[in-house]
Amino acid sequence: MKHLLRVYIENVDHAFELLRDIREHGYNGIVFNTSSLKHKLEDSENDEYLFFNLEHLNHSHLVETTFCYFIVDEDKLEDLKSLVREGTNHFKDIRGGMYSSPLSDYEGSL
């Protein structure tokens, strides 16, 4: 069964290192550029891509927080979560969080 892992982390220098590490371990996902409600209401955000994949990291800059979707097989889920835990120092060095849910009706080639 496939699972959807959602990860959100604040954009600090180590955030790009974490995402590169995830990519180097063979995972791919979609990364959304997000901003806080305050900045959205004040219209103080940059005019940048709304989403991109991990291959675009070297060409894009993120605003405040990165929100990622990863679709992974059940047997890979804990490995990916461990990479996130290690890369964020259990969300102490890079603030954020993650949560997953099973995709019982997933169809696709990823």
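Everything that follows concerns the structure shown earlier in this document.
Because the structure is a prediction, the values reported are computed rather than measured.

(A) Spatial organisation of the overall build of the chain. In terms of helices and strands, the chain carries three helices and five strands. Reading the chain from its N end, one meets helices and strands in the order β-α-β-α-β-β-α-β. Counted over contacts in the chain with a minimum sequence separation of 6, partners at least 24 positions apart contribute 80%. As displayed, the chain offers around 7200 Å² of accessible surface, 48% of which is attributable to carbon and sulfur atoms.

(B) Structural detail: the environment of Ile 9. In this structure, Ile 9 sits in strand S1 (residues 2-10). Placed 59 residues apart in sequence, Ile 9 and Cys 68 show a C-alpha to C-alpha distance of 8.6 Å. Ile 9 has contacts with Ala 15, Leu 18, Glu 64, Thr 65, Thr 66, Thr 88, Phe 91, Ile 94, Arg 95 and Gly 96, leaving out every residue within four places of it along the chain.

(C) Representation of the nonpolar core. Formed by 18 residues in total, the largest nonpolar core has its most connected members in Leu 5, Val 7, Ile 22, Phe 70 and Leu 80. Among the elements of the structure, S1, helix H1 (13-24), strand S4 (65-73) and helix H3 (74-88) are those that each provide at least two residues to this core. What Val 7 contacts, discounting residues up to four positions off in sequence, is Thr 66, Phe 67, Cys 68, Phe 70, Val 84, Gly 97 and Met 98.

(D) Representation of the packing of aromatic side chains within the structure. If you walk through the whole model with that rule in mind, you get two aromatic pairs. Here the aromatic rings of Phe 67 and Tyr 69 are separated by 5.4 Å at their centres, their planes lie at 70°, and the arrangement is edge-to-face. Judged by relative accessible area, which is 32%, Tyr 69 ranks as partly exposed. These aromatic residues form a ring-pair network of at least three members: Phe 32, Phe 67 and Tyr 69.

(E) Representation of the packing of H1 against H3 within the structure. Look at H1 against H3: their axes get within 10 Å of each other, and the N-to-C directions meet at 150°. When the interaxial angle is binned, H1 and H3 end up roughly antiparallel. Two packed elements cross with a definite hand, and for H1 against H3 that hand is right-handed. Of H3, the residues touching H1 (which contributes Leu 18, Asp 21 and Ile 22) are Leu 80, Leu 83, Val 84, Gly 87 and Thr 88. Taken together, the residues of the contact of H1 with H3 sort by class into five nonpolar, two polar and one charged.

Rules and cut-offs
- Residues numbered from 1 in each chain as written.
- Predicted model: local features only at pLDDT ≥ 70, side-chain atom pairs only at ≥ 80, totals over all residues.
- Heavy atoms only, no water.
- Helix = DSSP H or I, 4+ residues; strand = E, 2+ residues; numbered from the N terminus.
- Contact = heavy atoms within 4.5 Å.
- Areas by Shrake-Rupley, 256 points an atom, 1.4 Å probe, with all protein chains shown as cover.
- Core = buried A, V, L, I, M, F, W, Y, C linked by side-chain atoms within 4.5 Å.
- Buried < 20%, exposed > 50% of the residue type's maximum accessible area, 1.4 Å probe, protein only.
- Phe/Tyr/Trp six-rings, centres within 6.5 Å; stacked < 30°, edge-to-face > 60°.
- Axes fitted to C-alpha atoms, helices over the stretch in contact; angles between N-to-C directions.
- Parallel < 35°, antiparallel > 145°, perpendicular 65-115°, else oblique.
- Left-handed = near helix turned anticlockwise from the far one by under 90°.
- Nonpolar A, V, L, I, M, F, W, Y, C, P; charged D, E, K, R; others polar.

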